[in-house]
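# Chains, contacts and geometry: an overview
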Amino acid sequence: MTVAFVEPGSPLPPSSTSPAVESPNAGSVTDQALYDRVRRVIPPLEWPVHAPLIHEINRLKRERDAVVLAHNYMTPEIYHCVADIVGDSLALARKAAATEARVIVLAGVHFMGETAKLLNPDKIVLMPDLEAGCSLAASITGADVRALRARHPGVPVVAYVNTSAEVKAETDICCTSGNAVEVVESLGCGRVIFLPDRYLAAYVAGQTKVEIIPWAGQCEVHERFTGAEITDYAARHAGLTVLAHPECPPDVLGVADFVGSTARMIEFVRDRRPAKVLMVTECSMSDNVAVEFPELEFIRPCNLCPHMKRITLAKIRDSLLSLTPRIEIDPAIAERARRAVERMVAVGK
Ligand code: 13P
Ligand code: SF4
């Protein structure tokens, strides 16, 4: 098989997938070395399509002083071949706050681009496809939050980062699935409004004494998993370890061995090395983690996030070429939304 040339000096793909991972500043990486890394999850026939784009993106990143921040749900050719930082929503927010690059390319969904822009108002934040949304973010508006506050006067509002900047602006503090319990407890209150994910809210309620008032949103990817489906996998694969994302319904979490954010699931695999593992979350996660742990067997029930899958190498290349589309946020909204995100980033520091 012939693989297209990847320029020596291109960043090496992330060599590890823990919370936020920076690419080691490569000496040189050959085309073959890069492909060898991902061959387990990218068929040889596809590589000649990806390789020239990877080459071009890595060159454009240097020319534009850009970094690519990629969520754990990105496809392996993005995650392993062009990302500078990979991680869960919390890690991407933290790294977005710390980067010195002039341009940030957010390989993820729109609310992640907004979070990066809130933390970097003076930088260019590129969103390769502005239509990459999220069913949770779409489930609630700023007016809904104001109505909730009116119904529960004096009760603080915690917003999952999977919300628009307009919603964040109406809230007290943000959280991610990686720090939700910690954020809720950091407020020191007996009751908290928690939005918009009803399943994450139920999970948090089970982990704390704080009373949780939920909103009825849900993730269209995780809500489709069922406890019966996961139990069936476990019956067919002896010794299976089940890791589940807290956006899953309670019957799924009830049969899981471990519940955590995408980064926490990866940490679990790294620390415990379960011989056979099933990650109840978006499809690309298992592909990305399997690259790092070839000795482990990954059982893959697969639900795709159609929004995450809008981000492709070609769109990343195009956004770096044109420096568009950009995330822009109304300054009046941005100022209030930024406060909620910065409060979250400060928790646990
Ligand atoms: P985390 O990566 O923060 O666990 O979030 C999962 C998710 O659904 C992001 O859209
Ligand atoms: Fe939103 Fe769910 Fe897709 Fe994440 S996986 S972006 S929560 S729809």
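Conventions used here
Residues numbered from 1 in each chain as written. Chains lettered and ligands numbered in written order. Predicted model: local features only at pLDDT ≥ 70, side-chain atom pairs only at ≥ 80, totals over all residues. Heavy atoms only, no water. Helix = DSSP H or I, 4+ residues; strand = E, 2+ residues; numbered from the N terminus. Buried < 20%, exposed > 50% of the residue type's maximum accessible area, 1.4 Å probe, protein only. Contact = heavy atoms within 4.5 Å. Lys, Arg positive; Asp, Glu negative; His and termini not counted. Charge placed at Lys NZ, Arg CZ, Asp CG, Glu CD. Pairing = 2+ DSSP bridges. Axes fitted to C-alpha atoms, helices over the stretch in contact; angles between N-to-C directions. Phe/Tyr/Trp six-rings, centres within 6.5 Å; stacked < 30°, edge-to-face > 60°. Core = buried A, V, L, I, M, F, W, Y, C linked by side-chain atoms within 4.5 Å. Near = heavy atom within 4 Å. Polar contact = N/O pair within 3.5 Å; in protein donor to acceptor, adjacent residues only side chain to side chain. Areas by Shrake-Rupley, 256 points an atom, 1.4 Å probe, with all protein chains shown as cover. Nonpolar A, V, L, I, M, F, W, Y, C, P; charged D, E, K, R; others polar. Disulfide = S-S within 2.5 Å. Parallel < 35°, antiparallel > 145°, perpendicular 65-115°, else oblique. Left-handed = near helix turned anticlockwise from the far one by under 90°.

Here the focus is the overall build of the chain. For the chain, the count of helices and strands is 15 helices and 13 strands. Principal-axis analysis of the C-alpha atoms places the extent of the chain at approximately 65 × 55 × 30 Å. Among the 349 residues that make up the chain, the fraction classed as buried is 59%. Taking as baseline every contact in the chain between residues at least 6 positions apart, the subset at least 24 positions apart corresponds to 63%. For the chain, the separation between the mean place of its 37 positive charges and that of its 43 negative charges on side chains is 2 Å.

What the four strands build is an open sheet, ordered E11-E10-E12-E13; its pairing is parallel. For this open sheet the edge positions go to strand E11 (258-259) and strand E13 (297-299), each flanked by a neighbour on one side alone. Pairing of strand E10 (residues 240-244) with strand E12 (residues 276-280) involves five bridges; the strand directions are parallel. Bridge pairing in E12 places Leu240 opposite Lys276.

Here we have four strands laid out as an open sheet, ordered E7-E6-E8-E9, and parallel in their pairing. Of all the strands in the sheet, just strand E7 (173-175) and strand E9 (211-214) have a single pairing partner and so form its edges. When strand polarity is set aside, the average angle formed by the axes of neighbouring strands in this sheet is 35°. Here strand E6 (residues 157-160) pairs with E7 via three bridges, running parallel. Residue pairing for E7: Ala159 is matched across the bridge by Cys174.

All right, on to the packing of aromatic side chains then. Throughout the structure, instances matching the rule amount to two aromatic pairs. Between Tyr35 and Trp47, the aromatic rings sit 5.0 Å apart at their centres with planes inclined by 45°, giving tilted as the arrangement. Taken together, the residues span a long stretch of sequence, with Tyr35 in helix H1 (residues 31-38) and Trp47 in helix H2 (residues 47-64) at a distance of 12 residues. Like Tyr35, the residue Trp47 is buried in the burial classification. Ring centres of Phe258 and Phe268 lie 4.9 Å apart, and the angle between their planes is 35°; on these two criteria the pair is classed as tilted. Of this pair, Phe258 sits in strand E11 while Phe268 sits in helix H12 (residues 262-272), and the two are 10 residues apart along the sequence.

Attention now goes to the nonpolar core. Judged by nonpolar contacts, the single largest core of 100 residues is most densely connected at Trp47, Ile78, Val158, Phe194, Val269, Phe298 and Ile316. Excluding residues within four positions of it along the chain, Val158 makes contact with Ile173, Cys175, Val183, Val184, Leu187, Val192, Ile193, Phe194 and Leu195. Of all hydrophobic cores here, the second largest spans 14 residues; its members include Ile230, Tyr233, Cys248 and Val252.

Let's shift gears to the site of ligand 1. As a matter of local geometry, ligand 1 sits amid 13 residues, with His71, Ser89, Ser177, His245 and Thr262 nearest to it. Here Ser177 contributes a side-chain N or O atom positioned 2.9 Å from an oxygen atom of ligand 1. Protein burial of ligand 1: of its 300 Å² of free accessible surface, 96% is covered by the chains. Looking at the shell around ligand 1 residue by residue, the classes come out as four nonpolar, seven polar and two charged.

With that out of the way, let us pick up the state of the cysteines. Using the criterion set out here, one finds one disulfide in the structure. Put simply, Cys283 and Cys302 are joined by a disulfide, and their sulfur atoms are 1.9 Å apart. Residues Cys283 and Cys302 are joined through a disulfide that is right-handed, its torsion about the S-S bond being 125°. On the criterion of sequence distance, the pair formed by Cys283 in helix H13 (residues 283-292) and Cys302 in the loop between E13 and helix H14 (313-322) is long-range, its members being 19 residues apart.

Here the focus is the environment of Leu90. Relative to the helices and strands, Leu90 resides in helix H4 (residues 89-98). The spatial distance from the C-alpha of Leu90 to the C-alpha of Thr176 is 5.9 Å, given a sequence separation of 86 residues. If near-sequence neighbours (up to four positions away) are discounted, Leu90 is found in contact with Thr176, Asn179 and Met344.

As a further point, take the packing of H2 against H14. Packing of H2 against H14 brings their axes to within 9 Å, and their N-to-C directions diverge by 30°. Compared by their axis directions, H2 and H14 come out roughly parallel. Regarding H2 and H14, the two cross each other, and that crossing is left-handed. On the side of H2, the interface is formed by His50, Leu53, Ile54, Glu56, Ile57, Leu60, Lys61 and Arg64, while H14 contributes Leu313, Ala314, Ile316, Arg317, Leu320 and Leu321. Tallied by class, the residues present in the contact of H2 with H14 amount to nine nonpolar, one polar and four charged.

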